[in-house]
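# Commentary on secondary and tertiary structure
Here is what each chain is made of, one letter per residue.
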Amino acid sequence: MSEPQIIKKKYGLWILAAIIIIGGYLRILHLNQYSLWEDEFLHVFAAKGILETGTTHLPSGALYDRSILYTYLVALFFKFFGISEISARMPSALLGTLMIPLTYIMASRFINRNAGIIAAFLVAFSPFCIAWSKISRMYALLQPLYLLSVFFFYKAFEKNKNATVKSTAINWLLFLATFYLSFSIHDQVVLFIPTVIVYCAGMFIYVYLQKDFHSALRSKYFKLAIFMIVVGFCVLLFKIFIQKDDVLGFIKRPPVWSEENARNIHFYQWILQDSYPVVCYLYLPALLLFILKKIKSGLFLGSCFLVPFLALSLIFSWKDDRYMFFIFPLFLITSSFLIEYALYYGWRLYYSLTMSHLVGSLFKKRNTIAAFISCLFLFSLLYPILYPWIKIKPLTYMRFGAYDFNKITEAASRIDKNDIVICTQPFLMEFYTQRKPDFMITAFEFADKKTDLPQFTNKDAQPLDHHAGIPLISGLSQLKSLEKSQKRIWIITNAYLFKSQSIDAGIRAYVKENYQKLPLSAKVYEIYYK
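Residues numbered from 1 in each chain as written. Predicted model: local features only at pLDDT ≥ 70, side-chain atom pairs only at ≥ 80, totals over all residues. Heavy atoms only, no water.

### Some points on unusual backbone geometry
Despite not being glycine, histidine 30 has its phi angle at roughly 60°, a positive value. Along the chain, the position of histidine 30 falls in the loop between helix 1 (9–28) and helix 2 (40–53). Although it is not a glycine, serine 67 sits at a positive phi angle of roughly 50°. With respect to the helices and strands, serine 67 occurs in the loop between helix 2 and helix 3 (68–81). (Helix = DSSP H or I, 4+ residues; strand = E, 2+ residues; numbered from the N terminus.)

Here is the structure:
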């Protein structure tokens, strides 16, 4: 399909600039409206460790080296702008903004400039993308790096006839660099291996149908497929023999917070429908049309999204919206093919009708008509309305309710320095009240479950939380022994965690019966004292 001139190039660049500015504004707006989520503190305290000691040590003394590149970005913003919620989240907001032009470039390369603008528009206003651009977590860095690795792989492998050896080598090096950085952030990008195998298998069949079986065997697709199968087999053996517990845990043993979604194979489909219901239903027709019009590009992008999507849905038990975040732009890029196609031919039909009637000269101008129809069509896809997007929260916030912890800081100021403080989320307590809690009520996999994390103990051989470095309380007898100290005891809990199975039922019942509850305006936090 020759590139339709729905919007001229000079106007398209201005439209893209406006989309980037508005998308960036939505990501930066209200960065400090919600308090930091527990996982965000891993980067926050590791970044503080970089500024104080030059290492990513957490308060417990443990070294947090996961996605160290993102932690250094947070540390850089802390150094120049101070330690705050905004500084912690600004790297994600800027990386989320960067995804808009990156999506445009990739869609323009695989489809055309018009589809690039549509895809950039969808990313800029996506509730899913905006939400995770407001979180100080490495997923905001993983998304652009993985998208770049996919882009450079295709440029290197499916090189143009005029490509030089030097340019091809550069593309391969860029692919290896971006893929390595992606893998260092999250090992789920290893799903790119079966992605390439599926793509090569599809192209092998295509070559066989177009030519013959021997040509298919001699093709680069067959050779690459065999190579990737060997690589994938080696990776699988390594994981099985070296990291068997990790692999089985990710597939068969979901954590407490993921148990309700572990067996729901439609979980990620629901995420897509919730973010963009119209686009979700357009995806499969868009992919089919894409493959029919551009076999290589369509099959490659389809494989890059569908293979990880199906693996995450059908194989892995750890299910959360963040795990699909790195492939989400590929879903929007493919969908933009059909949207652009429909806009182009819809415009042609409308334009031919207007030319046959006596209408104002303004409506005879193709750019005006195209812009008007495009805006109407694209805005009809936006869901929900703009205001909730500005303040949107990921599912993680809905589950853990970290967004209103800052509302209890005034109540927490009543705590005397000699009182005993117990909480479910020690990092939150320490960051917002400047008071390090004395004990932590265990949650998630730390509660009566084995973990591969190093175990810390204090001088009394009492187990300590791996991250915060404070003693753990997992049984009612421990709580009652603290009451013998005759000191006032405060229990600050996340309501979701306190009611979950990860907290001992005996502790929950005892606290509710024997402790007084402090009235709070916070919806998801509770303070008990005795």
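### Some words on the environment of alanine 468
Position of alanine 468 among the secondary structure elements: in the loop between strand 4 (463–464) and strand 5 (472–473). In sequence terms alanine 468 and serine 60 are 408 residues apart; their C-alpha atoms lie 5.0 Å from each other. In this structure, alanine 468 is in contact with Pro59, Ser60, Pro426, Phe427 and Lys436, ignoring residues within four places of it in sequence. (Contact = heavy atoms within 4.5 Å.)

### Considering the packing of helix 23 (residues 476–483) against helix 25 (residues 505–514)
The N-to-C vectors of helix 23 and helix 25 enclose an angle of 40°; their axes lie 8 Å apart at closest approach. As summarised for this structure, helix 23 and helix 25 are arranged oblique, according to the angle between their axes. Contact with helix 23, carried on its side by Leu476, Leu479, Lys480 and Glu483, involves Gly506, Ile507, Tyr510 and Val511 of helix 25 and no other residues of that element. (Axes fitted to C-alpha atoms, helices over the stretch in contact; angles between N-to-C directions. Parallel < 35°, antiparallel > 145°, perpendicular 65-115°, else oblique.)

### What to know about the pairing of strand 8 (residues 525–529)
For strand 8, the buried fraction is high: five of the five residues fall into the buried class. The alternating pattern of strand 8 places Tyr525, Ile527 and Tyr529 and Glu526 and Tyr528 on opposite faces, both of which are buried. Two elements, strand 6 (residues 489–494) and strand 8, share five bridges in a ladder whose sense is antiparallel. Residue pairing in the sheet places isoleucine 492 in a bridge with isoleucine 527 of strand 8. Here strand 7 (residues 516–518) pairs with strand 8 via three bridges, running antiparallel. Paired with lysine 517 across the strands is tyrosine 528, a residue of strand 8. (Buried < 20%, exposed > 50% of the residue type's maximum accessible area, 1.4 Å probe, protein only. Pairing = 2+ DSSP bridges.)

### Overview of the confidence of the model for the protein
Considering every residue of the protein, the mean pLDDT works out to 79; 76% of them sit at 70 or more. Counting contacts from residues 383–392, a segment whose pLDDT is below 50, to residues more than four positions away or on other chains yields 25 contacts. Taken together, the stretch residues 395–401 has pLDDT below 50 and engages in 33 contacts with residues farther than four places along the chain or on a different chain. (pLDDT = per-residue confidence, 0-100.)

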